[in-house]
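A closer look at the structure
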Amino acid sequence: AAMLTMENVEKILEYSQRSSFDVASDAFETFRELIFLGDHQASEEFLVNNFDDFFKLIHQLLSTEQYFVHRQLLVFLHDLLSSDHFPRVHTKYIANEENLMLVMKQLVKSTEAIKHDAMKILIIFILSPARSETGNKILVKNQGKIIGLVEGFNLPDVDEEDMQEQKEMVITHLKKITTQTS
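In what follows, the accompanying structure is described. (Residues numbered from 1 in each chain as written. Predicted model: local features only at pLDDT ≥ 70, side-chain atom pairs only at ≥ 80, totals over all residues. Heavy atoms only, no water.)

1. As for the pattern of salt bridges
Side chains that differ in sign of charge can pair as their charged atoms come close. Quick note on the threshold: What makes a salt bridge here is a side-chain nitrogen of Lys or Arg within 4 Å of a carboxyl oxygen of Asp or Glu, nothing more. Helix and strand assignments come from DSSP, with helices taken as H or I runs of at least 4 residues and strands as E runs of at least 2, each series counted from the N terminus. Remark: exposure states derive from per-residue accessible area (1.4 Å probe, protein chains only) relative to the maximum for the residue type, with buried under 20%, exposed over 50%, and partly exposed in between.
Tallying each qualifying case throughout the model produces seven salt bridges. Residue glutamate 7 pairs with lysine 11 through a salt bridge whose shortest N-O separation is 3.3 Å. Of the two residues, glutamate 7 and lysine 11 both sit in helix α1 (residues 6-15), four residues apart, roughly one turn of that helix. For glutamate 7, a relative accessible area of 51% puts it in the exposed group. Taken together, the shared-partner salt bridges connect Glu44, Glu45 and Arg88 into one network.

2. Structural notes on the packing of aromatic side chains
Working definition: an aromatic ring pair is given by the centre-to-centre distance plus the angle between the planes. Put simply, the rule is: Aromatic rings from Phe, Tyr and Trp, taking only the six-membered ring of Trp, are treated as a pair when their centres fall within 6.5 Å; an angle between ring planes under 30 degrees marks them as stacked, one over 60 as edge-to-face, and anything in between as tilted.
All chains considered together, the criterion is met by 13 aromatic pairs. Here phenylalanine 36 and phenylalanine 76 contribute two aromatic rings whose centre-to-centre distance is 5.5 Å and whose plane-to-plane angle is 55°, an arrangement assigned as tilted. Of the two residues, phenylalanine 36 sits in helix α2 (residues 21-36) while phenylalanine 76 sits in helix α5 (residues 67-82), which places them 40 residues apart along the sequence. Pair check on accessibility: phenylalanine 36 and phenylalanine 76 agree, each one buried. Centroid distance phenylalanine 46 to phenylalanine 54: 6.2 Å. Interplanar angle 85°. Geometry classified as edge-to-face. Phenylalanine 54 matches phenylalanine 46 in its accessibility class, with the two residues each being buried.

3. Here's the deal with helix α10 (residues 143-152)
Put simply, the rule is: Each direction from the helix axis to a C-beta atom contributes to the arc, which is the arc of those directions.
When α10 is considered as a whole, its buried residues turn out to be Gln143, Ile146, Ile147 and Val150. Across the axial projection of α10, the buried residues extend over an arc of 100°, all falling on one side. Of the exposed residues in α10, the ones pointing more than 90 degrees away from its buried face are Gly144, Lys145 and Gly152.

4. Quick look at the nonpolar core
For the record, the criterion: For the purposes of this section, nonpolar cores are sets of buried Ala, Val, Leu, Ile, Met, Phe, Trp, Tyr and Cys residues that join through side-chain atoms within 4.5 Å. Between two residues, a contact is recorded if the distance between any of their heavy atoms is within 4.5 Å.
Counting residues in each nonpolar core, the largest one holds 57 residues, and the members touching the most others are Phe31, Ile35, Phe54, Phe55, Ile58, Leu80 and Leu122. Top element by residues in this core is helix α8 (residues 112-127). It accounts for nine residues. Apart from the residues within four sequence positions on either side, isoleucine 35 is in contact with Leu4, Ser43, Leu47, Phe54, Phe76, Leu80 and Phe86.

5. So, a negative patch on the surface
So the rule is basically this: Patch membership is restricted to residues that have no salt bridge and whose relative accessible area is over 30%. Joining uses 9 Å for like charges and 5 Å for the nonpolar side chains Val, Leu, Ile, Met, Phe, Trp and Tyr. Computed with a 1.4 Å probe, the accessible areas rest on the Shrake-Rupley method; for each residue, only the protein chains presented here act as cover. Counted charges follow a simple rule, with Lys and Arg positive, Asp and Glu negative, and His plus the chain ends left uncounted. Positions of charges follow a simple convention, taking NZ of Lys, CZ of Arg, CG of Asp or CD of Glu.
Residues Asp159, Glu160, Glu161, Asp162, Glu165 and Glu168 make up a contiguous surface patch of negative charge. Within the element layout of this structure, glutamate 160 appears in helix α11 (residues 160-181). Glutamate 160 gets classed as exposed once you look at its relative accessible area, which sits at 62%.

The structure is reproduced here in C-alpha cells:
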C-alpha cells in the first residue's frame, strides 16, 4: 500500500499516455495491479480518501482522444465499480449524477468498443440502488434512448439466451426507476 499514492498514480497514468504501446500497456497493467492486487482494504481506503483527485484525473484522461487510454480507463471503471472489494467507492461514484452524465456521453463516441465499455458501466448505474434522485431523473428522461441502446447491446462471448435475460433485467430495473420517480 506504500506504493499507492496520488503522486505514483499520476506518474503511472502519465506513462499510460505515451505513444509507445508497450510503455502505455505496461503502465496500465501496473496501475491495475496497484488498485486490484494486494490489500483491497488499503486500496479502497486510498480511493475513498483521494476520491475527488483520483476521479478528476480519470475523467480528464477520459476526455482525451487517445483510443487505448480511453478503452483501458472504461474497463478499469467497470471493474472497479462491479468489484465487491470497493463498496464505498461504488456508492460514492454512483451517487454523483455527474459521473452518470460522463458515462452517458461515452455512449455517443465513435467506436463500438467504447460504446460497449460505456454501456457496461451504465448498466451498473441502472442496477445500483446508490443513485441520487437527480441520477434517477436523468435515467427517466433518457429512458427511451437507453432502452434502445440496451436492446441493441450485445456481448460477443455471452450466450444469446443469457444476453436476452440480462437485457430484460436491465430494462425492468430502468422501468422501475421510472415508476419510483413519477
